[in-house]
Amino acid sequence: MVELIRRTSAELPDDVHRAILSSLENERKGEIAEATLKIIDKNIAIAKNKSQPICQDTGSVLFYVDCPVGMDQIAFEEVAKGAVIEATKKGYLRQNSVDTLTGVNDGTNVGRGAPAFHFHQTRSNEIQVRLVLKGGGCENVGAQYALPNTKLKANRDLEGCKKVILDAVIQAQGKGCGPGVLGICIGGDRATGYEYSKHQLLRKLDDTNPVPELAAMEKEIMDKANTLGIGPMGFGGKTTLLGVKIGCANRVPASYFVSISYMCWAYRRHGAVLSPEGSIESWLY
Amino acid sequence: MNAIQLEAPFTEEKIRNLKVGDSVEITGVIFTGRDAVHKYLHEGGKLPDEVNLKDGILYHCGPVVIEDENGAWKTVAAGPTTSIREEPYQWQVIRDYGIRGVIGKGGMGPKTLEACKEHGCVYLHAVGGAAQVLAECIEETSGVYMMEEFGSPEAIWEFKVVKFPAVVTMDSHGESLHEKIFADSVAALQQ
């Protein structure tokens, strides 16, 4: 489990690295955008070689676990918490968890709600663990819109969804460490909307959404966002987003939420298939 | 792109010569300070004597620092944090402490821009997330202050940096790259 944390903190998944390299090709030579992407690429290489955090904000520690019926989730949590403490001592994670009431950072990264666990039972015998480290800068620019939205002239339809999503891209510029990736949920309630939006960030960047309407919307938003001239870090340029991933959930008639989780370029996500004894059998990304 | 070498001492003249869009490489001593430090200073808190910000550079950063086998600090990751959270306080800190440069990410607002103009300061945008490239520019982690009060990420760290890369995105002449890109992107969206 410590190895999963190390790898997630220090090594960007291949699909994300490939997207960054292709955006580097695409930027105009000699511009700030190109120089910025070169620094990003160099940073990815150094972090991997030195086994050190890609970004010093090692973020919220989010575990997503697909587990067989009967797996002891409490035991899993205990092991994972121990691994978080160990990974923090080794410097793979920053001392990054603060008691909100007292302001005390005890340096362990373990406390109320930290790390976060999302368990999902499956009929398979396999345990799949995915880990996302989500930095605070990008988490802060996430947004949830309730439609209709008068100011943005966004109605309760897919056109309305696109308007609010692009507004979120405009508002996030410069602040969320772009080029970024959007995980989006249309529908759900305020809590599940954000939760499902983060689930979208478990998808690989080069996958195709099985729902044709959503696949088309992902492409349309990606193309439009990359014409806005925001660019890496908001310095200007062609690469504003590296990916858009949209899911949807049923809603009650009275609500229509669009929940957007923004992920920075330092998109730290890895996962592994575990044996019943807990050793890593294969990597997922 | 050739970067301008910005070397200590960071005099007002050097800072006034910088313009939005300039790439710079910073060499000299800088101090970190983020949310807790800004709130503390705003509420009238005093800095330790060793932290001299006059003609200095303040870095919005909460680094990952470990102690090596000899008991020395080693900074292993040190990218910028989002600066806009300090917008309510930054102008005052620039005015009261004579800061010449603020390094961070995401840019800042009109109060800071005005203080940059009035007192001769620039906002230097480092690449967010590039914690390794930037940590490699730290030649020495030469001190830490207020560690007990604020904890490691929020403490004031003293770094000797060499050729630390940044882009001037707010200058001392009232120009802000962030304002321009925001306006242009809103116009592009409406097309």
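Residues numbered from 1 in each chain as written. Chains lettered and ligands numbered in written order. Predicted model: local features only at pLDDT ≥ 70, side-chain atom pairs only at ≥ 80, totals over all residues. Heavy atoms only, no water.

K.L.:
What exactly am I supposed to notice about the sheet that holds strand 6 (residues 241-249) of chain A here?
P.N.:
Backbone-to-backbone hydrogen bonds pair the strands of a sheet. The strands run either parallel or antiparallel. Residue and element names in this part refer to chain A. Pairing is mixed in the open sheet, where four strands are placed in the order 4-7-5-6. The strands lining the two open edges of the sheet, one partner per strand, are strand 4 (143-146) and strand 6. For this sheet, the mean inter-axis angle between neighbouring strands, taken without regard to orientation, is 15°. On top of the sheet, helix 7 (residues 190-199) reaches strand 4, strand 5 (180-187), strand 6 and strand 7 (257-263); it is set at about 40° to strand 7, its chief contact. (Pairing = 2+ DSSP bridges. Helix = DSSP H or I, 4+ residues; strand = E, 2+ residues; numbered from the N terminus. Axes fitted to C-alpha atoms, helices over the stretch in contact; angles between N-to-C directions. Contact = heavy atoms within 4.5 Å.)

K.L.:
I'm lost on the interface of chain B and chain A in this one. Help?
P.N.:
Contact residues are listed per partner, giving 40 residues for chain B and 40 residues for chain A. Here chain B is connected to chain A by one salt bridge. Among the ionic pairs, Glu-136 of chain B bridges to Lys-50 of chain A, the shortest N-O distance being 3.0 Å. Inspection of the chain B/chain A interface yields 13 residue pairs in polar contact (both at pLDDT 80 or more). Elements represented by at least two residues in the side of chain B that touches chain A include exactly strand 4 (64-67), strand 5 (73-77), helix 5 (131-136), strand 9 (156-170) and helix 7 (177-190) of chain B. Here the side of chain B that touches chain A takes seven residues from helix 7 of chain B, the largest share from any one element. (Salt bridge = Lys/Arg side-chain N within 4 Å of Asp/Glu carboxyl O. Polar contact = N/O pair within 3.5 Å; in protein donor to acceptor, adjacent residues only side chain to side chain.)

K.L.:
Mind showing me how you'd approach the packing of helix 2 (residues 14-26) of chain A against helix 3 (residues 32-50) of chain A here?
P.N.:
Each pair of packed helices can be described by the angle between their axes along with the distance between the axes. Residue and element names in this part refer to chain A. Contact geometry for helix 2 and helix 3: axes closest at 9 Å, N-to-C directions at 150°. Compared by their axis directions, helix 2 and helix 3 come out roughly antiparallel. Once helix 2 is placed against helix 3, the crossing between them reads as left-handed. Along the contact surface, helix 2 presents His-17, Ile-20, Leu-21, Ser-23 and Leu-24, while helix 3 presents Glu-34, Leu-37, Lys-38, Ile-40, Asp-41 and Ile-44. When the residues that make up the contact of helix 2 with helix 3 are grouped by side-chain class, the tally is six nonpolar, two polar and three charged. (Parallel < 35°, antiparallel > 145°, perpendicular 65-115°, else oblique. Left-handed = near helix turned anticlockwise from the far one by under 90°. Nonpolar A, V, L, I, M, F, W, Y, C, P; charged D, E, K, R; others polar.)

K.L.:
For this particular structure, what's the right way to read empty space enclosed by the protein?
P.N.:
Where empty space is left can be seen by rolling a probe of water-molecule size over the atoms. Residue and element names in this part refer to chain A. For the coordinates displayed, the defined rule picks out one cavity of 30 Å³ or more. Its boundaries defined by the atoms lining it, the largest cavity holds a volume of some 60 Å³. Taken together, 14 residues line the largest cavity, and the ones lying closest to its centre are Ala-172, Gln-173, Gly-174, Ile-230 and Tyr-262. (1 Å grid on protein atoms, 1.4 Å probe; cavity = no way out; pocket = protein on both sides within 12 Å on 5 of 7 lines; lining within 4 Å. Points joined across faces, edges and corners; volume = space filled by probe spheres on them.)

K.L.:
Quick question: what am I supposed to make of the packing of helix 6 (residues 158-172) of chain A against helix 8 (residues 212-225) of chain A here?
P.N.:
All names here are of chain A. Two elements in contact, helix 6 and helix 8, have axes separated by 11 Å at closest approach and are oriented at 35°. The interaxial crossing formed by helix 6 with helix 8 has right-handed handedness. On helix 8, the residues that touch Leu-158, Cys-161, Lys-162, Ile-165, Leu-166 and Val-169 of helix 6 are Glu-213, Met-217, Glu-220, Ile-221, Lys-224 and Ala-225. Its residues assigned to classes, the contact of helix 6 with helix 8 comprises eight nonpolar, no polar and four charged.

As far as function goes, none of this settles anything; it's purely spatial.
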